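Here is how the chains run, residue by residue.
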Amino acid sequence: MSTKALWDSVNEKLVPYPRNDDEPVVGLDTNRYAIVSLVREPQPEYDPIEEYLVPTTALDLDALTYTYDWLVQTLPPPGPDYRGFYSALLVSTCYQAVLAEVLSTTSPAPAGALAVFVSAMQDCLSGRANPDAMQGAIWLLLGQLHLDMVHMEELQNMLTDAYLDQLYSLTPPAP
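Residues numbered from 1 in each chain as written. Predicted model: local features only at pLDDT ≥ 70, side-chain atom pairs only at ≥ 80, totals over all residues. Heavy atoms only, no water.

> Help me understand the side chain of His-151, please; the structure alone is not making it clear to me.
Relative to the helices and strands, His-151 resides in helix α5 (residues 149-161). Setting aside chain neighbours within four positions, we find His-151 in contact with Thr-93, Cys-94 and Ala-97. (Helix = DSSP H or I, 4+ residues; strand = E, 2+ residues; numbered from the N terminus. Contact = heavy atoms within 4.5 Å.)

Here's what the structure looks like:
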């Protein structure tokens, strides 16, 4: 593998060095081509759980080098996990409390609010998330129920674990 390459100043791109032995090229158009040394930086250490590598290149015509290097980037936060949230919700004590309250009341309002929430959740699960509708469904349901702080905290933790806490709030803003 050659340790040299040519920088084509007309097309502004790197081209292979025409010799395998890195010896000078006879008849090279030096107005068009610059001989550059190839520098290959080793891959840096990184945490694959939180980071990823981006290959980079840099041309330095003053130093006559073309460097292959690496940039360590932080992974973006995960996207909303509606499936994880709904799976956790269905087996939670919070959901059991919701069902118990809906089934024990004579008013149809809590059952209707639960139906609206489940419908909005189904839209989210099928890839048709409507954050405004889901937020409204959450507030409608919680406004019809009397959940204690333990269940509200459990619900908040499920939202956080599913990366939904930045999208949804359990309490409406003050008027």
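> Got a minute to help me understand the packing of aromatic side chains in this structure?
To describe a pair of aromatic rings, you give the distance between the ring centres and the angle between the ring planes. In the structure shown here, the tally under the stated rule is 3 aromatic pairs. Between Tyr-66 and Tyr-68 the ring centres are 5.3 Å apart and the planes differ by 70°, which places this aromatic pair in the edge-to-face class. When its relative accessible area of 12% is taken as the criterion, Tyr-66 is described as buried. Through a chain of ring-to-ring contacts, the aromatic side chains of Trp-7, Tyr-66 and Tyr-68 assemble into a single cluster. (Phe/Tyr/Trp six-rings, centres within 6.5 Å; stacked < 30°, edge-to-face > 60°. Buried < 20%, exposed > 50% of the residue type's maximum accessible area, 1.4 Å probe, protein only.)

> Explain the environment of Pro-24 to me, please; I cannot follow it from the model alone.
As for its placement among the helices and strands, Pro-24 is situated in the loop between β2 (13-16) and β3 (33-40). As a C-alpha pair, Pro-24 and Asp-47 span 23 residues in sequence and 43 Å in three-dimensional space. Discounting chain neighbours no more than four positions away, the residues touching Pro-24 are Tyr-17 and Arg-19.

> Could you clarify how one ought to interpret the packing of helix α2 (residues 93-104) against α5 in this entry?
The angle between the axes and the distance between the axes are what describe a pair of packed helices. With their axes 8 Å apart at the nearest point, α2 and α5 run at an angle of 125° to one another. Classified by the angle their axes make, α2 and α5 are oblique. Our pair here, α2 against α5, has a crossing hand that is left-handed. Counted together, Thr-93, Cys-94 and Ala-97 of α2 and His-151, Glu-154, Leu-155 and Met-158 of α5 form the full contact between these two elements. Of the residues contributing to the contact of α2 with α5, the split by class is 4 nonpolar, 2 polar and 1 charged. (Axes fitted to C-alpha atoms, helices over the stretch in contact; angles between N-to-C directions. Parallel < 35°, antiparallel > 145°, perpendicular 65-115°, else oblique. Left-handed = near helix turned anticlockwise from the far one by under 90°. Nonpolar A, V, L, I, M, F, W, Y, C, P; charged D, E, K, R; others polar.)

> Explain the side chain of Thr-67 here, please?
Following the sequence through the fold, Thr-67 ends up in strand β5 (residues 65-74). For Thr-67, a relative accessible area of 15% corresponds to the buried category. Those residues within four positions of Thr-67 in sequence are excluded, and the remaining contacts are Val-39, Glu-41, Thr-56, Thr-57 and Ala-58.

> I keep staring at the sheet that holds β3 and nothing clicks. Help me out?
Backbone-to-backbone hydrogen bonds pair the strands of a sheet. The strands run either parallel or antiparallel. The strand order β2-β1-β3-β5-β4 describes an open sheet built from 5 strands, whose pairing is mixed. Two strands in the sheet have a free side with no partner beyond their single neighbour: β2 and β4 (51-60). Ignoring strand direction, the axes of neighbouring strands in this sheet form an average angle of 40°. Pairing analysis gives 10 bridges linking β4 to β5, with the strands arranged antiparallel. (Pairing = 2+ DSSP bridges.)

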